[in-house]
Amino acid sequence: MSSASDTDRLLAEQLLRLTRRLHRIQKRHMEPLGITPAQSRLLRLVSHYEGDPAPRMADLAARLEVVPRAVTTLVDGLEAADCVRRAPDPANRRVIRIELTDTGRATLRRLRNARTDAAEEILAPLTADQREVLGGLLNALSDAPAERSC
């Protein structure tokens, strides 16, 4: 009979393996688009600002929990692909905002399709009932309050 800690260790390992597999499959589905997973995250984040003032590089770095230099590199790549553009803030011309372009919006649509295809590949072995149970379990895990540690 295994202890709760053995079960927890096994579950942790299974979650890590699944996460790695999901990343590999998503990367494979995104590769034809010429977008990296990190660029995809940044593009999705910029799209969440639509209708609001476009984000500054510092806003993006804070939300992604990375150093500003990492955001600069991502924006450079997305700007070269015409997915985003740097635009001066009309209220303060020293501030640069990152805006989504029409190409960026089209790329986001293709990325969403690629993510859906990747999810379908991962979920293929599951029945509809199993998918529903998994959805409930994932909601319980993602909605759980984060534990604080010292």
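Going by the structure above, here's the rest.
To start, this report covers the structure provided alongside it.

Rules behind the numbers
Residues numbered from 1 in each chain as written. Predicted model: local features only at pLDDT ≥ 70, side-chain atom pairs only at ≥ 80, totals over all residues. Heavy atoms only, no water. Helix = DSSP H or I, 4+ residues; strand = E, 2+ residues; numbered from the N terminus. Rg over C-alpha atoms; globule rule 2.2 N^0.38 Å. Buried < 20%, exposed > 50% of the residue type's maximum accessible area, 1.4 Å probe, protein only. Contact = heavy atoms within 4.5 Å. Polar contact = N/O pair within 3.5 Å; in protein donor to acceptor, adjacent residues only side chain to side chain. Salt bridge = Lys/Arg side-chain N within 4 Å of Asp/Glu carboxyl O. Expected span 1.5 Å × (residues − 1). Core = buried A, V, L, I, M, F, W, Y, C linked by side-chain atoms within 4.5 Å. Patch = residues over 30% accessible without salt bridge, like charges linked within 9 Å, V, L, I, M, F, W, Y side chains within 5 Å. Areas by Shrake-Rupley, 256 points an atom, 1.4 Å probe, with all protein chains shown as cover. Lys, Arg positive; Asp, Glu negative; His and termini not counted. Charge placed at Lys NZ, Arg CZ, Asp CG, Glu CD.

## Examining the overall build of the protein chain
Argument step 1. Regarding its fold elements, the protein chain presents 6 helices and 2 strands.
Argument step 2. Across the protein chain, helices and strands are ordered from the amino to the carboxyl terminus as α-α-α-α-β-β-α-α.
Argument step 3. Its C-alpha atoms give the protein chain a radius of gyration of 19 Å, clearly above 15 Å, the size a compact globule of 150 residues would have.
Argument step 4. With the principal axes as the frame, the protein chain shows a C-alpha extent of 65 × 40 × 25 Å.
Argument step 5. Here the protein chain holds 150 residues, and the buried ones make up 26% of them.
Argument step 6. Of the contacts made within the protein chain by residues no fewer than 6 positions apart, 50% connect residues no fewer than 24 positions apart.

## Description of the side chain of D89
Argument step 1. With respect to the helices and strands, the residue D89 is situated in the loop between β1 (84-88) and β2 (96-100).
Argument step 2. A polar side-chain atom of D89 sits 2.6 Å from the main-chain amide nitrogen of A91.

## Section: the pattern of salt bridges
Argument step 1. Applying the stated criterion to the full structure yields 10 salt bridges.
Argument step 2. Between R86 and D76 there is a salt bridge, and its shortest N-O distance comes to 2.7 Å. Taken as a pair, R86 in strand β1 and D76 in helix α4 (residues 68-80) lie far apart in primary sequence, 10 residues in all.
Argument step 3. Residue R86 is classed as partly exposed on the basis of its relative accessible area, which comes to 29%.

## Some points on helix α6 (residues 128-143)
Argument step 1. Between its first and last C-alpha atoms α6 spans 22 Å; for 16 residues at 1.5 Å apiece the expected length is 22 Å, and the two agree.
Argument step 2. Across the 16 residues of α6, 0 count as buried, placing the element largely on the outside.

## Examining unusual backbone geometry
Argument step 1. Unlike most non-glycine residues, E65 shows phi in positive territory, near 55 degrees.
Argument step 2. Relative to the elements of secondary structure, E65 occurs in the loop between α3 (57-64) and α4.
Argument step 3. For E65, a relative accessible area of 74% corresponds to the exposed category.

## Section: the nonpolar core
Argument step 1. In this structure, L42, L43 and L60 are the most contacted members of the largest nonpolar core, which totals 21 residues.
Argument step 2. Mapped by element, the contributors of at least two residues to this core are α2 (37-47), α3, α4, β2 and α5 (102-123).
Argument step 3. If sequence neighbours within four positions are ignored, L43 has contacts with L78, C83, V84, L100, G104, T107, L108 and L111.

## A word on a positive patch on the surface
Argument step 1. On the surface, a cluster of positive charge is contributed by R109, R110, R112 and R115.
Argument step 2. Summarising the element assignment, R115 is placed in helix α5.
Argument step 3. On the basis of relative accessibility, which here comes to 31%, the residue R115 falls in the partly exposed class.

## With respect to α3
Argument step 1. Taken as a whole, α3 has its buried residues at M57, D59, L60 and A61.
Argument step 2. On its buried face, α3 sits against α2, α4, β1 and β2.
Argument step 3. Looking one or two places after α3, you find E65, whose phi comes out positive at around 55 degrees.

Function-wise, these values are silent; they only describe arrangement.
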